[in-house]
Amino acid sequence: MADSSKIVLDDKNNGEEIEIDPSVLEVIMGIAAEKVDGVAEMHGDVKSGINRVLGREDRGRGVSVNIDDEHNLIADIYVSIEAGKNVPEIAIDLQKSLKQQVLQMTDLTLSEINVHVTGLEFPDDDNEDGSGTSKLFSDIDEKGKNESTRES
């Protein structure tokens, strides 16, 4: 009998079971999420923080996978987004990318992917060209002024 925290696949070729630990899916999704344009950083839990302090790489950082009572796979991902990017677009891109990677590598389908945006990453203020956070906000302010001027 398989552990309930493991994901069990039936190997149709030889009639045996294959167990996949949820941490394997977390690593797959962590790597895939890092490649999505607009994702600045993944945020993890206490275990991830300890691994970072110890200098260990934690590829599943910021991702957790759970199996509900009906054997559905549910993922939660915690990310910071690059400032100035469209958050809903990035969230949708993340969901698509993660579903595709998990399906391609394991033949498993994620029932639900919850994207938690926990922060924004701003460009450095001390860039050589003087651009940075203040430039980002001045651009936003200009857009607001232009839009409000047009409406008048």
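Structure shown above.
Residues numbered from 1 in each chain as written. Predicted model: local features only at pLDDT ≥ 70, side-chain atom pairs only at ≥ 80, totals over all residues. Heavy atoms only, no water.

Chemist: Explanation requested: helix α1 (residues 22-34) in the structure shown.
Modeler: With 13 residues, α1 extends 19 Å between its outermost C-alpha atoms, agreeing within 8% with the 18 Å of an ideal straight helix rising 1.5 Å per residue. Regarding α1, the residues found buried are Pro22, Leu25, Glu26, Ile28, Met29, Gly30, Ala32 and Ala33. (Helix = DSSP H or I, 4+ residues; strand = E, 2+ residues; numbered from the N terminus. Expected span 1.5 Å × (residues − 1). Buried < 20%, exposed > 50% of the residue type's maximum accessible area, 1.4 Å probe, protein only.)

Chemist: Explanation requested: unusual backbone geometry in the structure shown.
Modeler: Despite not being glycine, Asp107 shows a phi value in the positive range, around 65°. Along the chain, Asp107 turns up in the loop between α3 (87-106) and β6 (110-121). What makes Asp107 exposed here is its relative accessible area of 65%.

Chemist: Explain the side chain of Thr106 here, please?
Modeler: When you line up the elements, Thr106 lands in helix α3. Relative accessible area serves as the criterion here: at 10%, Thr106 is assigned to the buried category. Among the polar contacts listed, one links the side chain of Thr106 to the backbone oxygen of Val102, at a separation of 2.6 Å. For Thr106, the side chain forms a polar contact with the main-chain nitrogen of Leu108, separated by 3.1 Å. (Polar contact = N/O pair within 3.5 Å; in protein donor to acceptor, adjacent residues only side chain to side chain.)

Chemist: Quick question: what am I supposed to make of α3 here?
Modeler: Think of an α-helix as turning once every 3.6 residues; residues three or four places apart then point the same way. Here α3 spans 28 Å end to end across 20 residues, near enough to the 28 Å set by a 1.5 Å rise per residue. All of the buried residues in α3 are Ile90, Ala91, Leu94, Ser97, Leu98, Val102 and Thr106. An end-on view of α3 places all buried positions within 135° of arc, on one side of the element. For α3, exposure combined with an orientation more than 90 degrees from the buried face picks out Pro88, Glu89, Lys96, Gln100 and Gln104. Where α3 begins, the capping side chain belongs to Asn86, and its oxygen is found 3.0 Å from the backbone nitrogen of Glu89. Asp107 sits one or two residues past α3 and shows a positive phi near 65°. (Arc of directions from axis to C-beta.)

Chemist: Before we go on, may I ask you to explain the nonpolar core in this structure?
Modeler: Across soluble globular proteins, nonpolar side chains show a tendency to be buried alongside one another. Judged by nonpolar contacts, the single largest core of 24 residues is most densely connected at Leu25, Met29, Ile77 and Leu94. At the level of secondary structure, the elements contributing two or more residues to this core comprise α1, β3 (39-42), β4 (63-67), β5 (73-82), α3 and β6. Dropping the residues within four chain positions of it, Leu25 is found in contact with Ile7, Ile20, Val65, Leu73, Val102, Thr106 and Leu108. (Core = buried A, V, L, I, M, F, W, Y, C linked by side-chain atoms within 4.5 Å. Contact = heavy atoms within 4.5 Å.)

Chemist: It is not clear to me how the pairing of β5 should be interpreted in this structure. Could you clarify?
Modeler: One face of the sheet, then the other: side chains in a regular strand alternate in exactly this way. Counted residue by residue, β5 has eight buried out of ten residues, so it is predominantly covered. Sheet topology places β3 next to β5; three bridges connect them, and they run antiparallel. Across the sheet, residue Glu41 finds its bridge partner in β5, namely Ser80. Where β5 and β6 come together, ten bridges link them in parallel fashion. Its bridge partner lying in β6, Val79 is registered against Val117. (Pairing = 2+ DSSP bridges.)

By themselves, these observations are geometric and do not establish any function.
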